[in-house]
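Fold and geometry: a report
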Amino acid sequence: KDCWYQPFSDTPTDEIDMGLSVHLNLVNSARRYIYIDTPYLVLNSDMLGALCLSARNGTDVRIMTPGIPDKQTVFQITRSNYYKLIKAGVKIYEYTPGFNHRKNVVADDMCLIGTVNTDYRSYFLQFENGVLMHDPHMAETMRKAFEAGLEQAEQITLEKCQSVNGVVRLYRAILALMAPLF
């Protein structure tokens, strides 16, 4: 069995943004699918661009966020990213029973479990860790768990994004400009 496991850590005290690098490498290398569970979808331009490009290139990109937030401001910033992602072909789901706090990524035969969120704080300011795995069996298990979560999630559509009140969209856009502070 051709498997390997690579634990890693990330620290704001060095010059390597390991969490962001691992996420970007997974997104950029995915050919069939990439499924992301994240409580905070506060994307920088690199990650936003990579996700959009991957979807435009035909990769099945799906992201599950919480339907019930723990932090209202971050929840609004998370939702501010939906329109661009969906327009590029990314499928967004909100987990409706509660707060989805999983930080998992599964892409083809690769998977990641750890503490890294898809947000500025995780990428640049906090101590994080994870295990990157090339293990087809584990990837399949994680893919099935993600798909089971979709049964309790609401898919967010372009129409839903466009129906949001203009004042709320402006509020989200202003918050997104201040994303590195959250």
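See the structure above.
These notes cover the structure that comes with them. (Residues numbered from 1 in each chain as written. Predicted model: local features only at pLDDT ≥ 70, side-chain atom pairs only at ≥ 80, totals over all residues. Heavy atoms only, no water.)

For the rest of this paragraph, the subject is the sheet that holds strand β1 (residues 4-10). Spatially, the 8 strands line up as an open sheet ordered β1-β7-β6-β5-β2-β3-β4-β8, and their pairing is mixed. Edge positions in the sheet fall to β1 and β8 (153-156), since each of these pairs with one other strand and no more. Geometrically, the sheet is characterised by an average inter-axis angle of 15° between neighbouring strands, direction not taken into account. (Pairing = 2+ DSSP bridges. Helix = DSSP H or I, 4+ residues; strand = E, 2+ residues; numbered from the N terminus. Axes fitted to C-alpha atoms, helices over the stretch in contact; angles between N-to-C directions.)

This part takes up the pattern of salt bridges. Pairs can form between side chains of opposite charge whenever their charged atoms are close. Enumeration according to the criterion identifies 10 salt bridges in this entry. For R62, the salt bridge identified is with D60, shortest N-O distance 3.0 Å. For the residue pair R62 and D60, the accessibility class agrees, reading buried in each case. One salt bridge connects E147 with R143, and the closest N-O pair in it is separated by 2.7 Å. Taken as a pair, E147 and R143 lie in helix α6 (residues 136-150) at a separation of 4 residues, close to a single helical turn. Salt bridges sharing partners connect three or more residues here, namely E140, R143, K144 and E147. (Salt bridge = Lys/Arg side-chain N within 4 Å of Asp/Glu carboxyl O. Buried < 20%, exposed > 50% of the residue type's maximum accessible area, 1.4 Å probe, protein only.)

At D108, a position not held by glycine, the phi torsion is positive, near 55°. Within the secondary structure layout, D108 lies in the loop between β5 (104-107) and β6 (110-114).

This brings us to the environment of A173. Turning to its location among the elements, A173 is positioned in helix α8 (residues 166-177). Take A173: its relative accessible area is 38%, and that puts it in the partly exposed class. Separated by 97 residues in sequence, A173 and Q76 place their C-alpha atoms 9.0 Å apart.

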